[in-house]
Amino acid sequence: MSDENQEPKERKTLDEREKMSELERIRHSCAHVMATAILRLWPEAQFAAGPPVENGFYYDVDLPHRISPEDFPKIEEEMKKEVKANHPFEKIIVTREQAIADSESGRLGGLSERPGNVSKFKLGNLEAIPVGEPISYFKNGDFLDLCAGPHVMRTGNIKAFKLTSVASAYYKGDEKNPQLQRIYGTAFKNKTELEEYFTMLEEAKKRDHRKIGAEMGLFAIDTEYVGPGMPLWLPKGTVLVEELEKLAKETEFAAGYVRVRTPHLAKEKMYKTSGHLPYYADSMFPPMLLTDENMESKLCDLDKRREDAEMEIERLVADWKKSGKTADLTEAYESLNTIRSLGGEIGEVEGRERYYLKAMNCPHHHRIFAAEPKSYRDLPLRLAEYGCCYRYEQSGELFGLMRVRSLNMNDAHIYCTAEQFAAEFNAVNEMYLKYFKIFGIEKYVMRFSTHGKEGLGKKYVDDPELWLKTEDMVRQVLIDSKINYVEVPNEAAFYGPKIDVQVWSVIGREFTLATNQVDFAVPAKFGLQYKDRDNTMKTPLCIHRAPLGTHERFIGFLIEHYAGNFPLWLAPEQVRVLTIGEDEALLNYAKGIVSELRAAQVRCEGDFANDPIKAKIANAEQARVHTMLVIGGRDLEAGNVSVRLHGKGPQGAKKKEEVVADIMTAIKERRA
């Protein structure tokens, strides 16, 4: 995926930095070389952060001059000079006091001291370095920067790079901070890899799911009436949705899952119990205060009664003052009590319960588990649902089908004992591998995300023993099953370790497909228990899994993976029968084939117009119809059809019965 608008998840620890790959070190070093070049052109530039990111690097810069792509050639020319100079990357350990002094003199993030041009962002970055952690600079040539590294040995180790884009970004990702210019670039080990990367990007543009989706009439996003990030599935796109759901249901049924359905919203209490509120509130739609049609009149009536009670107190006080006698305050007390009780009634009406649109299915499934008593004999329990969820993604982050606000998730939650965990987790991984084979995904990696000790009680559930135990369990399953994985520290979910499934399309573009998570904390929050063999009550482990992710994101991936040329079983229009001529017997023969295929649930249409066959074929090719059955006079006489496949051309004439049988088998087997 593109690295545009990325923010680092959080500051990496020194140990995490030392685990940077060779390519990440090259890109990190290239960011420093880019800063060096920018300073030679604009010495007043102030730099913030310059990390490696997915597919490249960036550096945030504060500069009066607005950098544009037109500036890239001269920046790159200066970068080449720095690479040719082959300066070493020198690491220098300093005190905090020295770092503050160098920031105030403008030396940090500069080529020299810059009186009056304080390195303000470096002062801010210094504050993020924990007390006791070594403070270091890295120096290449004249450029000196506050940096923990690591880098390559010398600037000459950077062999192939290119600047790609410029965007705006807030310092430290906070909109209250200054807005900076973010200059993106990429670097590779050699020019061949760099050229291959940009060739892939060009091919990706042709395969853009938004472009192909519009051409094929798969989906629409109506921002005026429906809202941004909420796709409308058109008839052909709905075919893709339903075929994927059918695949998931068949696969899950065979694997012992049971299906459930849950509402699209729930009380605030649900998400507070799960721990998603308040921490996940920014990603949820604002709450709804449910009311009835008489609510407004009830509030008006209560306000009127309160006003009457207040006026009665004023009258009693006025009469008392006027009479000069000792007052009987009984009536006044009664009016005061009326006001107090009315206040409570108004508060009760105004403080009605909050409901949230469902942002995740798991809390609902936990309540399904709790709906009936469970024993160890009921486990593992695998609850599956294609649940529709709603997430309030920021408008600037919405992107076609890849980042949406309304999403249909291939979700399931497996409740199991610790002894059952390995087998269940491995079965989920095997399901992923089955799907990869069906969709022709040859390159993948499981990103195994673990916790960080410093985040316990903050970012993560504070149970270090369970963290280590469950992480060991996941790690062992991955090793035993020989799954291709990498371990990434400090990126787990708040309730347990997780796996992000990264896949590559046929052109080499990387996508995050789905997640697979272990939850050892939330079931206990909901009081989920089962009776074990020894009659004690125990809390189950929960595995969250979604092998096909969401319909939206996965279909976006498939559109680009196949360039819209879907395999027969998935194609919106599977077969089109094309006739040559208007002979009645020929038309009846062709219409009979359409009827036969449609009766077998094949998505088949007929083009019986008296148009040239070349035009009919061109229309079918443009519509990306998978299989064309061309029928002329000779085909009719021989009981044949002439088969043509989209993008592959004529396949020859074959017996009708043979072709129909092969179509049926190919669909049933979901051939790639």
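Structure's up top.
So, how was this worked out
- Residues numbered from 1 in each chain as written.
- Predicted model: local features only at pLDDT ≥ 70, side-chain atom pairs only at ≥ 80, totals over all residues.
- Heavy atoms only, no water.
- Helix = DSSP H or I, 4+ residues; strand = E, 2+ residues; numbered from the N terminus.
- Buried < 20%, exposed > 50% of the residue type's maximum accessible area, 1.4 Å probe, protein only.
- Areas by Shrake-Rupley, 256 points an atom, 1.4 Å probe, with all protein chains shown as cover.
- Lys, Arg positive; Asp, Glu negative; His and termini not counted.
- Charge placed at Lys NZ, Arg CZ, Asp CG, Glu CD.
- Salt bridge = Lys/Arg side-chain N within 4 Å of Asp/Glu carboxyl O.
- Expected span 1.5 Å × (residues − 1).
- Arc of directions from axis to C-beta.
- Contact = heavy atoms within 4.5 Å.
- Core = buried A, V, L, I, M, F, W, Y, C linked by side-chain atoms within 4.5 Å.
- Pairing = 2+ DSSP bridges.
- Axes fitted to C-alpha atoms, helices over the stretch in contact; angles between N-to-C directions.
- Phe/Tyr/Trp six-rings, centres within 6.5 Å; stacked < 30°, edge-to-face > 60°.
- Lys NZ or Arg CZ within 6 Å of the ring centre and 35° of its normal.
- Parallel < 35°, antiparallel > 145°, perpendicular 65-115°, else oblique.
- Left-handed = near helix turned anticlockwise from the far one by under 90°.
- Nonpolar A, V, L, I, M, F, W, Y, C, P; charged D, E, K, R; others polar.

Enquirer: Let's hear about the overall build of the protein chain: which residues, and what values?
Expert: When helices and strands are counted, the protein chain shows 20 helices and 28 strands. In terms of overall dimensions, the protein chain has a C-alpha envelope of 120 × 80 × 60 Å along the principal axes. Within the span of the protein chain, comprising 672 residues, buried residues form 50% of the whole. When the accessible surface of the protein chain is split by element, carbon and sulfur atoms take 51% of a total near 33,400 Å². Charge centroids of the protein chain, computed over 94 positive and 105 negative side chains, lie 3 Å from each other.

Enquirer: Pulling in residues and values, what's your account of the pattern of salt bridges?
Expert: Counted under the stated rule, the structure contains 39 salt bridges. Among the ionic pairs, E78 bridges to K81, the shortest N-O distance being 3.3 Å. On the criterion of helical spacing, the pair formed by E78 and K81 is a turn pair, its members being 3 residues apart in helix α3 (residues 72-85). Residue E78 is classed as buried on the basis of its relative accessible area of 15%. Owing to a relative accessible area of 47%, K81 belongs among the partly exposed residues under this scheme. The closest approach of N and O atoms between E245 and K249, which form a salt bridge, is 3.3 Å. Of this pair, E245 and K249 both sit in helix α8 (residues 235-254), 4 residues apart, which is roughly one turn of that helix. Residue K249 is classed as partly exposed on the basis of its relative accessible area of 36%. Several salt bridges converge on common partners, so that one network encompasses R40, E78, K81 and E82.

Enquirer: Describe helix α14 (residues 464-480), and please don't skip the residues or the numbers.
Expert: Since the α-helix turns once every 3.6 residues, residues separated by three or four places project in the same direction. Its 17 residues place the ends of α14 24 Å apart at the C-alpha level, agreeing with the 24 Å of an ideal helix rising 1.5 Å per residue. Here α14 has its buried residues at W467, T470, E471, M473, V474, V477 and L478. Down the axis of α14, the buried side of the element spans an arc of 155 degrees, and every buried residue falls inside it. Those residues of α14 that are exposed and angled more than 90 degrees off the buried face are E465 and D480. Each element contacted by the buried residues of α14 is listed here: α13 (418-438), β17 (443-449), β18 (485-488), β19 (498-504), β20 (510-519) and β23 (541-545). Of the residues trailing α14, K482 is marked for its positive phi of about 55 degrees.

Enquirer: I'd like to hear about the nonpolar core, residue by residue, with values.
Expert: Counting residues in each nonpolar core, the largest one holds 85 residues, and the members touching the most others are F421, F439, V503, L558 and F566. Excluding residues that lie within four positions of it along the chain, V503 makes contacts with F436, I441, K443, Y444, R509, E510, F511, L513 and F557. One finds I26, A35, V83 and I158 within the second-largest nonpolar core, a separate group that totals 31 residues.

Enquirer: Describe the sheet that holds strand β6 (residues 143-146), and please don't skip the residues or the numbers.
Expert: Spatially, the 3 strands line up as an open sheet ordered β4-β5-β6, and their pairing is antiparallel. What marks the edges here is a single partner per strand, and that holds for β4 (90-94) and β6. Put simply, the sheet's adjacent strands are angled 25 degrees from each other on average, direction ignored. Bridging between β4 and strand β5 (residues 135-140) involves 5 bridges; their strand directions are antiparallel.

Enquirer: Go over the sheet that holds strand β15 (residues 381-390) with me, naming the residues and quoting the values.
Expert: Pairing in this open sheet of 8 strands is mixed, and the strands run β11-β15-β16-β23-β20-β19-β17-β18 from one edge to the other. With partners counted over all chains shown, the strands left at the sheet margins are β11 (258-259) and β18, one partner each. Both β19 and β20 contribute to a ladder of 7 bridges, which runs antiparallel. When the bridges of β20 are listed, W504 appears paired with E510. Here helix α12 (residues 362-370) sits on the sheet and contacts β15, β16 (406-416), β20 and β23; the angle it forms with β16, its principal contact strand, is near 40 degrees. Lying over the sheet, α13 contacts β15, β16, β17, β19, β20 and β23, oriented at roughly 165 degrees with respect to β20.

Enquirer: So what about unusual backbone geometry? Which residues, and what values?
Expert: Residue P278 is reached from L277 by a cis peptide bond, and omega for that bond is 5 degrees. By secondary structure assignment, the location of P278 is in the loop between α9 (268-274) and β13 (288-289). Looking along the chain, the bond that leaves L379 and enters P380 is cis, with omega of 0 degrees. As for its placement among the helices and strands, P380 is situated in the loop between α12 and β15.

Enquirer: Could you give an account of the packing of aromatic side chains, with specific residues and numbers?
Expert: Scanning all chains against the criterion turns up 21 aromatic pairs. Relative to Y184, the ring of Y58 has its centre 5.7 Å away and its plane inclined at 70 degrees; by these criteria the two rings are edge-to-face. Of this pair, Y58 sits in strand β3 (residues 56-62) while Y184 sits in strand β8 (residues 179-188), and the two are 126 residues apart along the sequence. The pair Y58 / Y184 is uniform in exposure class, with both members buried. On the numbers, 6.3 Å between centres and 80 degrees between planes, the contact of Y271 with Y356 is edge-to-face. With Y271 in helix α9 and Y356 in strand β14 (residues 354-357), the pair connects residues that are 85 residues apart, well separated along the chain. Members of the aromatic cluster, each reached through a chain of ring pairs, are F439, F511, F554, F557 and W569. The positively charged end of R27 is found above the aromatic ring belonging to F188, 4.7 Å away from the centroid. The aromatic ring of W504 is capped on one face by K443, whose charged end is 4.4 Å from the ring centroid.

Enquirer: Quick one: what's the story with the packing of helix α4 (residues 96-104) against helix α5 (residues 120-127), residue by residue and with numbers?
Expert: Between α4 and α5, whose axes approach to 8 Å, the crossing angle comes to 160 degrees. As far as their axial angle goes, α5 and α4 are roughly antiparallel. The element α4 and its partner α5 pack so that their crossing is left-handed. Every residue of α5 that contacts α4 at R96, A99, I100 and S103 is listed here: K122, L123 and L126. Along the lines of polarity and charge, the residues of the contact of α4 with α5 split into 4 nonpolar, 1 polar and 2 charged.

Enquirer: Would you mind going over the pairing of β6 in detail, with residue names and values included?
Expert: Burial along β6 is two-sided: F143 and D145 and L144 and L146, pointing in opposite directions, are all buried. From the end of β5 to the start of β6, which pair antiparallel, there are 2 residues, and G141 there has a positive phi angle of about 60 degrees.

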